[in-house]
Each structure stands twice: as C-alpha cells, then as structure tokens.
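Listed below are the residues making up each chain.
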Amino acid sequence: MVKHTATSVVTIDRYIIEEEKLHPEATGELSGILYDLALAAKMIANKVRSAGLADILGATEDTNVQGEIQQKLDVIANEIIIKAVDHGGRLCAMASEEEPDIIQIPDNFKCGKYCLLFDPLDGSSNIDVNVPVGTIFSVVKKITRGTRGEMEDMLQPGRRQVAAGYVIYGASTMLVYTTGRGVHGFTLDPSIGEFLLSHPHIRVPNSGRYLSVNDSYERLWSDDVRALMRRYRGLDGQRAAMNVRYVGSLVADFHRNLLGGGLFAYPSNTKNVKGKLRLLYEANPLAFIVEQAGGAATSGDMRILDIEPTDLHQRTPLYIGSKGDVDIALSMLGKPVVDEIPLAAR
Ligand code: AHG
Ligand code: MN
Ligand code: MN
C-alpha cells in the first residue's frame, strides 16, 4: 500500500479505492457507503456554514426519541444522510439518533449487506452559538437471513464494526474514519469541494494534556468518579494536572484529544446511571476509531466494544482517549453509583 504523507494530494475517493484494493474479497459496497457519506458530509457542511443566514438555526416544535427538542439542523442532517445512502444498494437498513425505530430501505431500492447507524448532528445545542458540531457513523455487516435489515442486525457489539467515522464541522470540515486499518483524516477543500488526505495514520499519544468532562454533575457522581477527577486534575498529588477543555460537542472534544492526547469522560451519575451518550452511534464508532489509533474506551465496567447491546438507543458511561489516561479510570472505578448524598452531608 502506498504510504501517503500529508503532502500527497490524495482525495478521499482515491484513498478509499486504495484501501479497498487491500481486501481482495472486497465488492466495493463498503467503499460506496463511504463515498455516499463523504457527499452527505459536504452537504451538511454547506448547511452548517450558512445556518445563520438561511433561518435554519434554532429548534423545531418536535422532540425526538431521546426526549430532546430537535434542532432544525438535526432534522436536515438526518434527511441528508438518509437520502444520500438509501438508494445505493449497499445497505439493508439504517438507525439514527433522530428516529425511534430502524429505517428500512424503500421498496423500490435494492438492499445490500451492510447496516448504517448514525448521529446526524452531534452537539446540536451548540449550533446557534457557532460552536463546532459533528456527525458520527458506524457500519456493521448484516447477520440475519433475508434481504431486509432487522433489529438484531443493529444490536451488535462494537467489535463487529467494519467501519466507523465522524465529521467535524469546525474551523475546517474534517472527515476521520477507519475500516480497521488505522485512522485517517481528510480536510474539505471548499474551493474544489474535495476531502483531501491531511492526517494519514492518526495515532493518539499514550497520555495527554486535556481532560474533557462536564463537572457541573459533580454532586451526582459516585465517590470513585469524584476521586478520579481529582486525580486527573492533579489535586491528589499523584500526577500532573490536566488542562480542562469541554466544548459540549462530543465530536469536537474527542477530535482534539485524538490528535493531542487526553481523555473525554461522561460518567454515570445518579440522574443518568448510564450517562447521556448513546452506545451504538456515539460510543461504539468513536471507540473503534480510538482503539485503531492506539487509544482506549471503557464504560468504567468494561471495554465499550464488548458491550452487548439490548436497545437501539441505549446509553453508556464513556471514558475515551489516551490509553494511559483511560487506564487510570479503570484503576480507580468499579463501584456502582451511590444514591445522591445530600450536599449538607459533605
Ligand atoms: P447530541 O447533540 O447528538 O444529542 O449530542 C450531544 C452530546 C455530546 O455531543 C456532548 O458531549 C454532550 O451531549 C454534552 O452533554 P452535557 O451538556 O450534559 O455536558
Ligand atoms: Mn450526539
Ligand atoms: Mn445528535
């Protein structure tokens, strides 16, 4: 395989084709899904860039299956992705954060052997204030008989993923993905409308400077989690203090830690014992990516990629990033979340 450097001018389509050639048994279906997702990413980037001008900021009157108010861009991004991939004949079904059930392929389109699970717009609460948002996707192979996708096809552990990636709509638009042969980043050149290879073979440092956690939930954490965060902050004298950076968009926080090293944590708490983040289309794809980059991802109890899913929208606590920093979490966690301790009792 040609070892590209960031100075080679390689489009994502070219890179996908070269990766496909490494799999003699490849039929090109997975490559086709990645092409379609890159197209969807360009279309969503275009909407995000001009959101303030085209009256598509703000919320709809609807709430999604998560019980969250749907932002207009959530709905637009959801539609863009579905319409970009539903007719290619590579998928047998999809699942989206914005849809309660699995999304079947329309009758007039051919079904394929893959399932796509996605968070069309991550970090929605940041849209109106021009803070980076993202898209996250995961691809698994169909395991049930028949042509149409079933819930069982969606509820596979993350170690069964064949591809995963995210798009970050930030200062620049980047698409980062893995198919199990390393992690590669592409930056959109808006002047030619192409994603160009900018970050080949991304590796996450074994420990890092950045801690990303929303500590407004501190009073809801268990004592173990509180002790863990004190450790990361250098308050117990066991290690140097990490710098806290928390954007509130998982993709933005994850991407910074992937490139620079560090840890993102969304712990279990007494209000959300499983935390807030969704396993199938947030934690699993990012866990696949971070492990492929030499990092780690745990729920605190187990490796994210080994969690056996039971529900499409199930949540999981998440500690993800540099392996050395995740190992500290594993060494200090393990007790269940305790009931909320009245503040006066502290
Ligand atoms: P989404 O917009 O897809 O619902 O995801 C939002 C998530 C994630 O992006 C971010 O890390 C987290 O919500 C922030 O939650 P808090 O505001 O509770 O910290
Ligand atoms: Mn999200
Ligand atoms: Mn979302």
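Before going into details, it helps to say that this report is about the structure given with it. (Residues numbered from 1 in each chain as written. Chains lettered and ligands numbered in written order. Predicted model: local features only at pLDDT ≥ 70, side-chain atom pairs only at ≥ 80, totals over all residues. Heavy atoms only, no water.)

### Structural notes on the coordination of the manganese ion (ligand 2)
Logical step 1: Coordination of the manganese ion (ligand 2) by the protein comes from D119 (OD), D122 (OD) and E282 (OE), over a distance range of 1.9 to 2.1 Å.
Logical step 2: Spacing between the donor residues of the manganese ion (ligand 2) along their common chain follows D-x2-D-x159-E.
Logical step 3: The distance between the manganese ion (ligand 2) and the manganese ion (ligand 3) comes to 3.7 Å, with D119 serving as a donor to both metals. One end of the pair, D119, is in strand 5 (residues 114-122); the other, E282, is in helix 7 (residues 279-292), with 163 residues separating them in the sequence.
Logical step 4: Since its relative accessible area comes to 1%, E282 is described here as buried. (Donors = N, O, S within 2.8 Å, 3.2 Å for Na, K, Ca; no water. Helix = DSSP H or I, 4+ residues; strand = E, 2+ residues; numbered from the N terminus. Buried < 20%, exposed > 50% of the residue type's maximum accessible area, 1.4 Å probe, protein only.)

### Quick look at the site of ligand 1
Logical step 1: Around ligand 1 lies a shell of 19 residues, among which D122, G123, Y217, Y246 and Y266 are the nearest.
Logical step 2: Here an oxygen atom of ligand 1 and a backbone polar atom of S124 are 2.9 Å apart.
Logical step 3: With respect to ligand 1, the side chain of Y246 contributes an N or O atom lying 2.6 Å from an oxygen atom.
Logical step 4: A total of 470 Å² of accessible area belongs to ligand 1 in isolation, and the protein chains cover 89% of it. (Near = heavy atom within 4 Å. Polar contact = N/O pair within 3.5 Å; in protein donor to acceptor, adjacent residues only side chain to side chain. Areas by Shrake-Rupley, 256 points an atom, 1.4 Å probe, with all protein chains shown as cover.)

### Examining the coordination of the manganese ion (ligand 3)
Logical step 1: Protein-derived ligands of the manganese ion (ligand 3) are E97 (OE), D119 (OD) and L121 (O), with the metal-ligand distances lying across 2.0 to 2.2 Å.
Logical step 2: The motif formed by the donor residues of the manganese ion (ligand 3), counted along the single chain, is E-x21-D-x1-L.

### Digging into the pattern of salt bridges
Logical step 1: On inspection of all chains with the given rule, the structure shows 18 salt bridges.
Logical step 2: With its nearest N and O atoms 3.0 Å apart, the salt bridge here joins D107 to R148. Taken together, the residues D107 in the loop between strand 4 (103-104) and strand 5 and R148 in the loop between strand 6 (133-141) and helix 4 (151-154) connect sequence positions 41 residues apart.
Logical step 3: Taking the shortest distance from any N to any O, the salt bridge between D223 and R226 comes out at 2.9 Å. With a gap of three residues between them, D223 and R226 both fall in helix 5 (residues 223-232), about one helical turn apart.
Logical step 4: Judged by its relative accessible area of 12%, R226 is buried.
Logical step 5: When salt bridges with common partners are traced through the structure, they connect R159, E291, R303, D306 and E308 into a single cluster. (Salt bridge = Lys/Arg side-chain N within 4 Å of Asp/Glu carboxyl O.)

Remember that the coordinates give geometry; whether it matters functionally is a separate question.
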